[in-house]
Amino acid sequence: MTATETQGRSLDVASLDSRHWLGIVAALVSAAVHLLLGIRLAPSALGISFILAGLGFLGGVALVGLGIRRRLVYAAGVPFTAVQILLWYYVNFAAGPKSFPADVGTLGAVDKVAQLVLLAVLVALLR
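Criteria and cut-off values
- Residues numbered from 1 in each chain as written.
- Predicted model: local features only at pLDDT ≥ 70, side-chain atom pairs only at ≥ 80, totals over all residues.
- Heavy atoms only, no water.
- Helix = DSSP H or I, 4+ residues; strand = E, 2+ residues; numbered from the N terminus.
- Areas by Shrake-Rupley, 256 points an atom, 1.4 Å probe, with all protein chains shown as cover.
- Lys, Arg positive; Asp, Glu negative; His and termini not counted.
- Charge placed at Lys NZ, Arg CZ, Asp CG, Glu CD.
- pLDDT = per-residue confidence, 0-100.
- Contact = heavy atoms within 4.5 Å.
- Salt bridge = Lys/Arg side-chain N within 4 Å of Asp/Glu carboxyl O.
- Buried < 20%, exposed > 50% of the residue type's maximum accessible area, 1.4 Å probe, protein only.
- UniProt positions renumbered as here; feature names shortened; annotations may be inferred.
- Core = buried A, V, L, I, M, F, W, Y, C linked by side-chain atoms within 4.5 Å.

Structural notes on the overall build of the chain
When its secondary structure is counted, the chain shows five helices and zero strands. Taking the principal axes of its C-alpha atoms as reference, the chain extends roughly 60 × 35 × 20 Å. As presented, the chain carries roughly 7700 Å² of accessible surface, and 71% of it is formed by carbon and sulfur atoms. Averaging the locations of the 9 positively and 5 negatively charged side chains of the chain gives two centres separated by 5 Å.

Right under this line is the structure:
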């Protein structure tokens, strides 16, 4: 590698296939939902946690887009996304006042569908 190749990173979209793009769209949807909710709930601890989760999804998209240790990003993304789903269920339904599935709501449904798609894509990419 020359010095100019190691000094900066550029997008590596040529190596992305349809699974990658589906995962990127799903992660961006989930990031948008988390950031929206985080801004609405800021500066509470819950709002900050939503913002951090949204930034986590954006960070994963950036790393994949830049071609940085993709396999590691996929592997880290599986538990990160799975924990998001489990925490959402626990906070809202298991320990919360809401009834599943009646009280899921539009943002919750959009986010969880996106996260389930992302989880499936990440598992597929790891195979």
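Structure shown, so let's carry the discussion forward.
Side note on the confidence of the model for the chain
Taken as a whole, the chain shows an average pLDDT of 92; of its residues, 94% reach a score of 70 or greater. Throughout residues 1-6 the model reports pLDDT below 50, and contacts reaching past four residues in sequence, or to other chains, amount to one contact.

Focus: the pattern of salt bridges
Scanning the model with the defined rule gives three salt bridges in all. As a salt-bridge pair, Arg19 and Asp17 come within 2.9 Å of each other at their nearest N and O atoms. Judged by relative accessible area, Asp17 falls into the partly exposed class, the value being 28%.

Some points on the UniProt feature "transmembrane region" (unreviewed entry) in the chain
UniProt tags residues 21-39, 45-65, 72-91 and 106-126 as "transmembrane region" (unreviewed entry). Within the segment residues 72-91, helix and strand shares are 100% and 0% respectively, and the terminal C-alpha atoms sit 29 Å apart.

Quick word on the nonpolar core
In terms of nonpolar packing, the biggest core is built from 15 residues, with Ala27, Phe57, Val64, Tyr74 and Leu118 touching the most fellow members. Listed by contribution, the elements that provide at least two residues to this core are helix H2 (18-41), helix H3 (45-66), helix H4 (70-94) and helix H5 (106-126). Here this core gets five residues from one element, more than from any other, and that element is H5. Leave out the neighbours within four places in its chain, and Phe57 touches Ala27, Ser30, Ala31, His34, Phe80, Thr81, Gln84, Gln115 and Leu118.

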